[in-house]
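Structure at a glance
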Amino acid sequence: MKKILITRRLLRACEDKAEGIFEANLNLNDELYSQQKLVELSEGCDGILSSLTDKLDSETINKLPDSIKIISNFAVGFGNIDLDAANNRGIAVTNTPDVLTDATAEIGILLILGACRRASEGIESARQGGWKWSADYLIGKQLTGSRLGILGMGRIGQKIAKIAKSLGMIIHYHNRSKLSEDKEQGATYHDNLKSLLSVSDVLSVCCPASKETVDMINKETLEYLPKGAVVTNVARGDIIEDEAMIDALDRRKVYAVGLDVYKNEPNLNPGYLKHKSAFILPHLGSATKDTRTAMANLAIDNLDEYFKTGNCKNKVN
Ligand code: GLV
């Protein structure tokens, strides 16, 4: 039986599945392992089922025992893993695409609605009481007829486009390459970021975090947006330069933000907290029972497939 380290708790049924296939070292207290502890616990293991909270940088990967052949990340994103270091060590890295597309797109739409319709302020007023309806009370921005710019038209971007279109939004996107017509669903392609941002009344960041996308939304690129644009991020916090974004909120260049992901989670930049127009969630993208179950099962299947065949369809390196 192969031995694996599972760095965080999974839903119980998924841990049972893992224990049926592997000798699994579970993290019953769901503690956040330090990099050193993760390396120590990997001793004698053949693989690691990691999560996005594990920072598997080159230093950590270089210290892993030779027995580790695969890191199966319990997420579609794998920005927490240094792929070059994994390649150098001959360690396969896998992710969990597709199964979380719908749940994450739902949160992407919630961010758009929450930011445009001033949900944070509304919730606070409703809880406090004493609010008074009036014709101009908490007036927000309507989605119908607004232009939605999607940065990264992968699986999640396409699903957000589909839902947003049904809400009457006009869809634009920027991607490394233009999609086929069936995937585009009538959206307008922009071959550069400036062109996309200049037509984005609402921006939805959906691209993976990579060396190319870190701080892509920054002091300079924010200026390409129309004044009073809404910016949402359902992908990774690394893509937004926080100080520039908070400054844009201060100046009302950006009307509101809708964020589910942050640099340095869970310690988001406190500058966001002072803005009532910031609709912020604690990284809930894939957080439904069905999706978390499917993700964990896929992460387990990825390990099993790799151990059995020496390859895996969800290998990303
Ligand atoms: C969730 O954030 C994921 O990348 O799967």
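These figures come from a predicted structure and were not determined experimentally. Residue positions within a chain follow its written sequence, with the count starting from 1. The model is predicted, so local features are restricted to residues of pLDDT at least 70 and side-chain atom pairs to those at 80 or more, both for listing and for counting; the totals for chains, interfaces and linings are taken over all residues. Computation of side-chain values: all heavy atoms of the structure, hydrogens and water removed.

Quick word on the site of the ligand
- Being near a molecule or strand, for a residue, means having at least one of its heavy atoms within 4 Å of it. The full set of residues close to the ligand is Leu52, Ala75, Val76, Gly77, Leu100, Arg236 and His283.
- Side-chain atoms alone can form a polar contact between residues adjacent in sequence; in general such a contact is a pair of N or O atoms within 3.5 Å, and within protein one must be able to donate a hydrogen while the other accepts it. With respect to the ligand, the backbone of Gly77 contributes an N or O atom lying 3.0 Å from an oxygen atom.
- Here the ligand loses 90% of its free accessible area of 190 Å² to cover by the protein chains. Only the protein chains shown count as cover for residues, and all accessible areas are computed by the Shrake-Rupley method using a 1.4 Å probe.

A word on the nonpolar core
- By nonpolar core we mean a set of buried residues, namely Ala, Val, Leu, Ile, Met, Phe, Trp, Tyr and Cys, connected to one another through side-chain atoms within 4.5 Å. Residue exposure (1.4 Å probe, protein chains only): buried if accessible area is under 20% of the type maximum, exposed if over 50%, otherwise partly exposed. Of all hydrophobic cores here, the largest spans 49 residues; its most connected members are Ile112, Leu148, Ile150 and Ile160.
- Secondary structure elements follow DSSP: runs of H or I of four or more residues count as helices, runs of E of two or more count as strands, with numbering from the N terminus. Elements with a contribution of two residues or more to this core: β1 (3-6), α1 (12-21), α5 (101-116), β6 (147-151), α7 (155-166), β7 (170-174), β11 (254-259) and α12 (289-309).
- In this structure, this core is formed jointly by two domains, domain 1 (3-99 + 288-309) and domain 2 (101-280), each of which donates at least three residues.
- With residues near it in sequence (within four places) discarded, Ile112 still touches Leu143, Leu148, Ile160, Met169, Val202, Ser204 and Thr232.
- Counting residues in each nonpolar core, the second largest holds 27 residues, with Leu197, Val205, Leu225 and Val254 among its members. Domain borders in the structure are assigned automatically or taken from a domain database. Contacts are assigned to residue pairs that have any heavy atoms within 4.5 Å of one another.

Side note on the domain arrangement of the protein
- Assigned domains of the protein: these are domain 1 (3-99 + 288-309) and domain 2 (101-280).
- Between domain 1 and domain 2, the C-alpha centre-to-centre distance is 31 Å.
- The partner domain 2 presents five residues to the ten residues of domain 1 that form the contact.
- Buried area between domain 1 and domain 2, summed over both chains or domains, comes out near 610 Å², and the portion from carbon and sulfur atoms is 46%.
- Measuring nitrogen to oxygen at the nearest pair gives 3.7 Å for the salt bridge that ties Asp98 to Arg155.
- In the side of domain 1 that touches domain 2, the residues fall into five nonpolar, three polar and two charged. Accessible area, probed at 1.4 Å, shrinks when two parts are joined; the buried area is that loss added up over both. Each reported salt bridge corresponds to a side-chain nitrogen of Lys or Arg within 4 Å of a carboxyl oxygen of Asp or Glu. Three classes are used, and their members are as follows: Ala, Val, Leu, Ile, Met, Phe, Trp, Tyr, Cys and Pro are nonpolar, Asp, Glu, Lys and Arg are charged, and the others, Gly among them, are polar.

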